[in-house]
Amino acid sequence: MAKTGKGIKTPLALLVLLLVTAGCVFGGFTFVNNAKKEFAAAEAKLPESGISDYLLKIRNQRFDEIYEDSLVVAPHLNAKEDYIATLKEIYANADTSRIEFAPAEEGDNTYNLVYNHKYLATLKLLQAADGSWKASTVFAGNNDYVVEVPAGLKITVNGIELTSEYLIENNVTASNFLGLHDKTNAPKVDRYELTNLLAKPVIKVVGENGYTTLDDVLSNTIYVGRDAQSAENARVFIDDIKVCAQFPAQESGLGAVAAVSITNSDWYDRIRTMQNNWFTSHGTSRFSNETARNIIQQSDDTMVGYVTFDYYASNGEVSRTWNSGFQVTFMKQGGIWKIAGMAVDSTLNPAVEWKND
């Protein structure tokens, strides 16, 4: 009788089965884990991953990292404390897990964040060298400025010295003198562009004292110049602008305006062609509350500042008071201050500000 082979004992069979099963499970786990890693790597290369990472940092209060990312995506000059405080205010009542986003109209890789159907913020995304995406907040409002600095001077903005990356033009005619037909003696400036600021910047001239700024009333341009506020200069502003104000009221002629103006200018071309026969005849008029302030000099022979006054006129039956405000640019011509340009802004007048409260 032939001998039969011995079978595998039950404990040994179970061990073999367990080892085979473990190998299959481990192989399956490795496959799934590798797939997850590949998927995560692919997802990280999508712009939307930058938004997810940004919102995760918001949720975990990692604001320092968000600030550092913002300097990479869109370099700015906001102080870290101000930047973080603004972010906390924006997301104070938002559940980051419920924030939605959609492409913005501003351009590629820019998204709007919405919470409960209300706009929160705009994010600008930039792909880093490693393929990942970083996000920077684009704050709402008109937060871009051009700063015009006397050529050659260096400035700091919010305590940070500006580098050449912010320079858009150098040694060009100051924009408030572009209306002159002959710009030979106009001040030369370096123009810097500042973007995405949270508030009007604090500007200082490096290594110099006595400089201050003036906000242009027609644009987001900030002029830098030497502080020239004095009673003598204020008198020039007030007296010459009163002459100009009397022209439309038919209390002075065009010759009087020409005497205080640079006639080879867009400013004078406008006023000499202005009709002044619409003003009602009147027997009584007077100026009051004349002030000139924020006077700066962009060069030794130029100055710009604000002037305001109230002008009252009456013909016995009808009377009215005009609360007037102007930004006026002066240049010396033959040693005499002459008006080189003017912009009207009645909101400079404190009386108008009071009425709007």
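Calculation rules
- Residues numbered from 1 in each chain as written.
- Predicted model: local features only at pLDDT ≥ 70, side-chain atom pairs only at ≥ 80, totals over all residues.
- Heavy atoms only, no water.
- Helix = DSSP H or I, 4+ residues; strand = E, 2+ residues; numbered from the N terminus.
- Contact = heavy atoms within 4.5 Å.
- Areas by Shrake-Rupley, 256 points an atom, 1.4 Å probe, with all protein chains shown as cover.
- Pairing = 2+ DSSP bridges.
- Axes fitted to C-alpha atoms, helices over the stretch in contact; angles between N-to-C directions.
- Expected span 1.5 Å × (residues − 1).
- Buried < 20%, exposed > 50% of the residue type's maximum accessible area, 1.4 Å probe, protein only.
- Salt bridge = Lys/Arg side-chain N within 4 Å of Asp/Glu carboxyl O.
- Core = buried A, V, L, I, M, F, W, Y, C linked by side-chain atoms within 4.5 Å.
- pLDDT = per-residue confidence, 0-100.
- Phe/Tyr/Trp six-rings, centres within 6.5 Å; stacked < 30°, edge-to-face > 60°.

## Comments concerning the overall build of the chain
Alright, step 1. The helix and strand inventory of the chain stands at 8 helices and 16 strands.
Alright, step 2. The contacts of the chain with a sequence gap of at least 6 include a subset with a gap of at least 24, amounting to 58%.
Alright, step 3. As displayed, the chain has an accessible area near 20400 Å², and 52% of this comes from carbon and sulfur atoms.

## As for the sheet that holds strand β4 (residues 133-138)
Alright, step 1. Taken in spatial order, the 4 strands line up as β1-β2-β3-β4 in an open sheet, and their pairing is antiparallel. Two strands lie at the open edges of the sheet, namely β1 (100-103) and β4, each paired on one side alone. Averaged over all adjacent pairs, the angle separating strand axes in this sheet is 35 degrees, with direction ignored.
Alright, step 2. Inspection of the sheet shows strand β3 (residues 118-127) paired to β4 by 6 bridges, in the antiparallel sense. By the bridge assignment for β4, glutamine 127 is matched with tryptophan 133.
Alright, step 3. With respect to the sheet, helix α3 (residues 63-73) is in contact with β3 and β4, its orientation differing from that of β4 by roughly 95 degrees.

## Quick word on the sheet that holds strand β6 (residues 155-157)
Alright, step 1. With antiparallel pairing, 3 strands are arranged side by side in an open sheet as β7-β6-β10. Every interior strand has two partners, whereas the edge strands, β7 (160-161) and β10 (203-205), have only one.
Alright, step 2. Note that β6 and β10 share 3 bridges and pair antiparallel. Bridge pairing in β10 links valine 157 to isoleucine 203.

## Things to note about helix α2 (residues 48-59)
Alright, step 1. Here α2 contains 12 residues, and its C-alpha end-to-end distance of 17 Å stays within 8% of the 16 Å for a straight helix at 1.5 Å per residue.
Alright, step 2. All of the buried residues along α2 are Ser49, Gly50, Ile51, Tyr54, Leu55, Lys57 and Ile58.
Alright, step 3. Among the residues trailing α2, glutamine 61 stands out with phi positive, at a value near 60 degrees.

## Considering the pattern of salt bridges
Alright, step 1. With the rule as written, the count across this model stands at 11 salt bridges.
Alright, step 2. One salt bridge in this structure joins lysine 80 and glutamate 68, with 3.8 Å as the shortest N-O distance. Within this pair, whereas lysine 80 is found in helix α4 (residues 80-90), its partner glutamate 68 is found in helix α3, the two being separated by 12 residues in sequence.
Alright, step 3. Owing to a relative accessible area of 28%, lysine 80 belongs among the partly exposed residues under this scheme.
Alright, step 4. A salt bridge links aspartate 215 to lysine 200, with the nearest nitrogen and oxygen atoms 3.1 Å apart. Taken together, the residues aspartate 215 in strand β11 (residues 211-215) and lysine 200 in the loop between β9 (188-194) and β10 connect sequence positions 15 residues apart.
Alright, step 5. Accessibility expressed as a relative area gives 29% for aspartate 215, which makes it partly exposed.
Alright, step 6. Several salt bridges converge on common partners, so that one network encompasses Asp53, Lys57, Asp69 and Lys134.

## Considerations on the pairing of strand β14 (residues 302-314)
Alright, step 1. Of all 13 residues making up β14, 12 are buried, and the element is well covered by its neighbours.
Alright, step 2. Pairing geometry for strand β13 (residues 284-299) and β14, over 10 bridges, is antiparallel. Bridged to isoleucine 296 within β14 is valine 304.
Alright, step 3. Connecting β13 to the antiparallel partner β14 that follows it, the hairpin turn spans 2 residues.
Alright, step 4. Here 13 bridges tie β14 to strand β15 (residues 319-333), and the two strands are oriented antiparallel to one another.

## Section: the nonpolar core
Alright, step 1. Core analysis: the largest hydrophobic core is formed by 29 residues, its most contacted members being Phe237, Ile241, Trp267, Val328, Phe330, Ile339 and Met342.
Alright, step 2. At the level of elements, α5 (231-246), α7 (266-272), β13, β14, β15 and β16 (336-344) are the ones that each hand at least two residues to this core.
Alright, step 3. Looking at this core element by element, the count peaks at 7 residues for α5.
Alright, step 4. Among residues more than four places away in sequence, those in contact with tryptophan 267 are Cys244, Val257, Ser261, Ile262, Ile339, Ala340, Gly341 and Met342.
Alright, step 5. Within the second largest apolar cluster, 23 residues are counted, among which are Ile58, Leu87, Leu125 and Phe139.

## Looking at the confidence of the model for the chain
Alright, step 1. Predicted confidence across the chain gives a mean pLDDT of 86, with 83% of residues reaching 70 or more.
Alright, step 2. In the model, residues 1-9 has pLDDT below 50 throughout and makes 1 contact with residues more than four positions away in sequence or in other chains.
Alright, step 3. Here residues 30-44 scores under 50 on pLDDT; set against residues more than four positions off or in separate chains, the count is 5 contacts.

## Overview of the side chain of threonine 221
Alright, step 1. By secondary structure assignment, the location of threonine 221 is in strand β12 (residues 221-227).
Alright, step 2. Those residues within four positions of threonine 221 in sequence are excluded, and the remaining contacts are Val146, Glu148, Ser175, Leu214, Asp215 and Asp216.

## Digging into the packing of aromatic side chains
Alright, step 1. Per the stated rule, a full pass over the model turns up 9 aromatic pairs.
Alright, step 2. When the ring of tyrosine 54 is compared with that of tyrosine 91, the centres are 6.0 Å apart and the planes differ by 65 degrees; the resulting orientation is edge-to-face. Pair noted here: tyrosine 54 is in helix α2 and tyrosine 91 is in the loop between α4 and β1, with a separation of 37 residues, a long-range link. This pair shows no difference in class: tyrosine 54 is buried, exactly as tyrosine 91 is.

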